[in-house]
Amino acid sequence: MQRGVGTEVQAHCRQPGEQQQRRPERFAAPLDGVETAAGALLGRAWAGVDTAPGAGLRASVGMSDIVLPGGASSGHSRGGVAASRSGHTDCGPAIRRVAGGVVRALCVRPGVKDSLSLVEMPEPPLEQGPVLVQGLSVGLCGTDVEIVSGAYGQAPPGHELLVLGHENLGRVSAAPSGCGLNPGDLVVGIVRRPDPVPCPACAAGEWDMCRNGRYTEHGIMGQDGFARERWRAQPDAVVTLDSSLERVGVLLEPTTIVAKAWEQIERIGARAFFDPHVAVVTGAGPVGLLAALLGVQRGLEVHVFDRVSDGPKPALVADLGAHYHSESLPDSGVQGDVLLECTGVPSVVLDTINCGALDAITCLTGVSTPGTNTPVDIGGVNRNEVLRNDVVFGSVNANRRHYQTAALALRQADQGWLGRLITRRVPLEDYQQAFARRDGDVKVVLELQGS
């Protein structure tokens, strides 16, 4: 049984005269898949705190007070957890909300494989921003899978846990007057935030092109993500969506990736005569399908390549008015004026670079796993690129301009088609099912609010 917000956990309470128990190294253990984050933090505060009968330990974490039974005769805090004596003496739950509230959040310990757990955390503190947002949903992608695997990810400074989730959708619960946001507005939090210096690019609002690498990213690096029931932000860190996008607005963040890619393609194309007719997209995952959508919206003949020949992908491409291919790009004979590589598979990346038309522009959006040895005739690649006036470039992340462009693209798209990209919606408490990939999955979404 999953435990939600407000669950009380019964704990043994020492009676007068009973032998003192050993201090736990960790206060809270996993509880049917739900771990208490406050308890995990408080576990660090036990070092140097001697327990004694008849007194309680009150600890403030963020905006909430947590009461621990069993007492403390003396103590101090570590890891940012403030501890003090209280008059709590009764037996009861191991963790109890005394002031403020808690939210459920999906967290990992960065660098620790398979540490994913659902935890209870304090309400987001006001210093994170005056805009309070009720989280509605988060989309899962390969980045989340890699973070869960321990491949990378970075918790906020001073924290052990990182709240997962960068693809997001929420609704404003409260906002300062005059900030341009109102309660009830549908919003998406911008994933990347500028570096603190800031570098010239971040200062110009182009944090997706950060020059010093000190940016942070929600749910990925240095900032908690959006896989929690409530979060806060500054007014300029969210983008509003049309209310008609409530069921599909979680697709905005992946759409920003290809909105930026198409913008960059068009800017590069402006170097000289540029009149593209054929667009090639490799990979029919969410990013590839959204890249195809934006290509169709531009009036191009779009060809989408993926290795599967059944499931929902071929029909999604056909209903978009594009052409689906399960054969390889070289075997197809298709030559794109514009090519968007959305898989990161080394062999497919090479095919995409080598199979364009004259003056082709190839954008790489898929991130490859290093360590794969793929034979490459670099001399042949160089010869083709130079003699054909080809351009190959990489693109990652997005800034506010791309979020706004992507929001317009989604509003202009067929909502039924967009809805079909979301092949599974999973309640937050069943998060383990969401990460268990199934045949036919395109985009899996976690629903943050209970039924």
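As shown above, the structure is provided for reference.
So, here's what we can say about the structure. All values derive from a computational prediction rather than experimental measurement.

### Details of the overall build of the chain
Phase 1 of the analysis: In terms of regular secondary structure, the chain is built from 12 helices and 24 strands.
Phase 2 of the analysis: Here the chain holds 451 residues, and the buried ones make up 50% of them.
Phase 3 of the analysis: Contacts in the chain between residues at least 24 apart in sequence constitute 68% of all its contacts with a sequence separation of at least 6.

### A short note on the sheet that holds strand β17 (residues 278-282)
Sheet strands pair by backbone hydrogen bonding; their relative direction is either parallel or antiparallel.
Phase 1 of the analysis: One open sheet holds the 6 strands; their spatial order is β19-β18-β17-β20-β21-β22, and the pairing between them is parallel. Across the chains shown, the open sheet's two edge strands, defined by having one partner strand only, are β19 (323-325) and β22 (391-394). Strand-to-strand twist in this sheet, taken as the mean axis angle between neighbours without regard to direction, amounts to 20°.
Phase 2 of the analysis: Note that β17 and strand β18 (residues 301-305) share 5 bridges and pair parallel. Its bridge partner being in β18, Thr282 is matched across the sheet by Phe305.

### What to know about the packing of aromatic side chains
Phase 1 of the analysis: Under the counting rule described, the total for this entry stands at 1 aromatic pair.
Phase 2 of the analysis: Aromatic side chains Phe226 and Trp231 sit 4.6 Å apart centroid to centroid with 65° between the ring planes, which places their arrangement in the edge-to-face category. In this structure, Phe226 and Trp231 share a single accessibility class: buried.
Phase 3 of the analysis: Its guanidinium or amino end placed over the ring of Trp207, Arg193 lies 5.1 Å from that ring's centre, counting from NZ or CZ.

### Quick look at unusual backbone geometry
Most peptide bonds are trans, and most residues other than glycine sit at a negative phi.
Phase 1 of the analysis: For the bond from Val197 to Pro198, the omega torsion is -15°, close enough to zero to count as cis.
Phase 2 of the analysis: Within the secondary structure, Pro198 sits in the loop between β12 (192-193) and α3 (200-203).
Phase 3 of the analysis: One non-glycine residue, Asp114, lies in positive phi territory at about 55°.
Phase 4 of the analysis: Note that Asp114 resides in the loop between β6 (102-108) and β7 (117-122).
Phase 5 of the analysis: Taking the relative accessible area as the measure of exposure, Asp114 reaches 58% and is therefore exposed.
Phase 6 of the analysis: Positive phi values are uncommon outside glycine, yet Asn397 reaches one of about 65°.
Phase 7 of the analysis: When you line up the elements, Asn397 lands in the loop between β22 and α10 (400-412).
Phase 8 of the analysis: For Asn397, a relative accessible area of 8% translates into the label buried.

### Re the side chain of Arg232
Phase 1 of the analysis: Examined against the element boundaries, Arg232 turns out to sit in strand β15 (residues 230-233).
Phase 2 of the analysis: Glu123 provides the closest opposite charge to the buried, salt-bridge-free Arg232, at an N-O distance of 6.8 Å.
Phase 3 of the analysis: A polar side-chain atom of Arg232 sits 3.3 Å from the main-chain carbonyl oxygen of Pro124.
Phase 4 of the analysis: A polar side-chain atom of Arg232 sits 3.2 Å from the main-chain carbonyl oxygen of Gly129.

### Some details on the nonpolar core
Phase 1 of the analysis: Counting 89 residues, the largest nonpolar core has Leu340, Leu418 and Leu446 as its most contacted members.
Phase 2 of the analysis: Dropping the residues within four chain positions of it, Leu340 is found in contact with Ala261, Trp262, Ile265, Val280, Val281, Thr282, Ala291 and Cys363.

### Comments concerning the packing of helix α4 (residues 252-269) against α10
Helix packing for two helices is described by the angle between their axes and how far apart those axes are.
Phase 1 of the analysis: Between α4 and α10, the least distance of the axes is 8 Å, while the angle of their chain directions is 105°. Relative to α10, the element α4 is oriented roughly perpendicular. Packed against α4, whose contacting residues are Leu252, Glu253, Thr255, Thr256, Ala259, Lys260, Glu263 and Arg267, the element α10 presents Arg401, His402, Tyr403, Thr405, Ala406, Ala407 and Leu410 at the interface.
Phase 2 of the analysis: Residue classes in the contact of α4 with α10 are distributed as 6 nonpolar, 4 polar and 5 charged.

### Notes on the side chain of Thr362
Phase 1 of the analysis: Mapping Thr362 onto the fold places it in strand β21 (residues 356-364).
Phase 2 of the analysis: The buried category is assigned to Thr362, whose relative accessible area is 2%.
Phase 3 of the analysis: Those residues within four positions of Thr362 in sequence are excluded, and the remaining contacts are Leu339, Thr352, Ile353, Val391, Val392 and Phe393.

### Let's talk about the sheet that holds strand β13 (residues 216-218)
Phase 1 of the analysis: One open sheet holds the 3 strands; their spatial order is β12-β13-β14, and the pairing between them is mixed. Strands with a single pairing partner mark the edges of an open sheet, and in this sheet they are β12 and β14 (222-223).
Phase 2 of the analysis: Bridging between β12 and β13 involves 2 bridges; their strand directions are antiparallel. Its bridge partner lying in β13, Arg193 is registered against Thr216.

### Quick look at the environment of Pro196
Phase 1 of the analysis: Position of Pro196 among the secondary structure elements: in the loop between β12 and α3.
Phase 2 of the analysis: Using a relative accessible area of 60% as the deciding quantity, one classes Pro196 as exposed.
Phase 3 of the analysis: Sequence separation between Pro196 and Tyr215 is 19 residues, and the spatial gap between their C-alpha atoms is 7.5 Å.

### Some words on the packing of helix α5 (residues 286-297) against helix α6 (residues 312-320)
Phase 1 of the analysis: Two elements in contact, α5 and α6, have axes whose closest approach is 10 Å; the angle formed by their N-to-C orientations is 15°. Considered as vectors, α5 and α6 are oriented roughly parallel to each other. Taken as a pair, α5 and α6 cross one another with a handedness that is right-handed. Contacts between α5 and α6 involve Leu289, Ala292, Leu293 and Val296 from the former and Leu316, Val317 and Leu320 from the latter.
Phase 2 of the analysis: Its residues assigned to classes, the contact of α5 with α6 shows 7 nonpolar, no polar and no charged.

The rules behind these values
All residue numbers refer to positions counted from 1 along the written sequence of the respective chain. A pLDDT threshold of at least 70 governs which residues receive local features in this predicted model, and a stricter bar of 80 or more applies before side-chain atom pairs are shown or counted, although totals over entire chains, interfaces and linings include all residues. Side-chain measures were taken over the full set of non-hydrogen atoms in the model, leaving aside hydrogen atoms and water. The numbering of helices and of strands both runs from the N terminus, where a helix is a DSSP run of H or I of at least 4 residues and a strand a run of E of at least 2. A simple rule labels every residue: compare its accessible area, found with a 1.4 Å probe on the protein chains alone, to the largest value its type can have, and call it buried under 20%, exposed over 50%, or partly exposed in between. Contact between two residues is taken to exist if any of their heavy atoms lie within 4.5 Å; hydrogens are not considered. Each pair of strands is called paired provided DSSP finds at least two bridges between the two strands. Simply put, an axis is a line fit to the C-alpha atoms, just over the touching stretch for a helix, and the angle between two N-to-C directions goes from 0 to 180 degrees. Each pair of aromatic rings taken from Phe, Tyr and Trp, with Trp reduced to its six-membered ring, is defined by centres within 6.5 Å and is described as stacked if the planes are under 30 degrees apart, edge-to-face if over 60, and tilted in the remaining cases. When the NZ atom of lysine or the CZ atom of arginine is within 6 Å of a ring's centre and also within 35 degrees of its normal, the charge is said to sit over that ring. By the counting scheme adopted, Arg and Lys are positive, Glu and Asp are negative, and His together with the chain ends is not counted. Every case where a carboxyl oxygen of Asp or Glu lies within 4 Å of a side-chain nitrogen of Lys or Arg is listed as a salt bridge. By the criterion applied in these results, polar contacts are pairs of N or O atoms within 3.5 Å in which, for protein atoms, one can donate a hydrogen and the other can accept it, and in which residues neighboring in sequence qualify only through two side-chain atoms. We call a set of buried Ala, Val, Leu, Ile, Met, Phe, Trp, Tyr and Cys residues a nonpolar core when their side-chain atoms join them within 4.5 Å. Between 65 and 115 degrees an angle is taken as roughly perpendicular, under 35 as roughly parallel, over 145 as roughly antiparallel, and anywhere else as oblique. For this classification, the nonpolar set comprises Ala, Val, Leu, Ile, Met, Phe, Trp, Tyr, Cys and Pro, the charged set comprises Asp, Glu, Lys and Arg, and every other residue, Gly included, is treated as polar. It is the rotation of the near helix from the far one that decides the hand of a crossing: anticlockwise by less than a right angle makes it left-handed, clockwise makes it right-handed.

The values are spatial; any link to function lies outside them.
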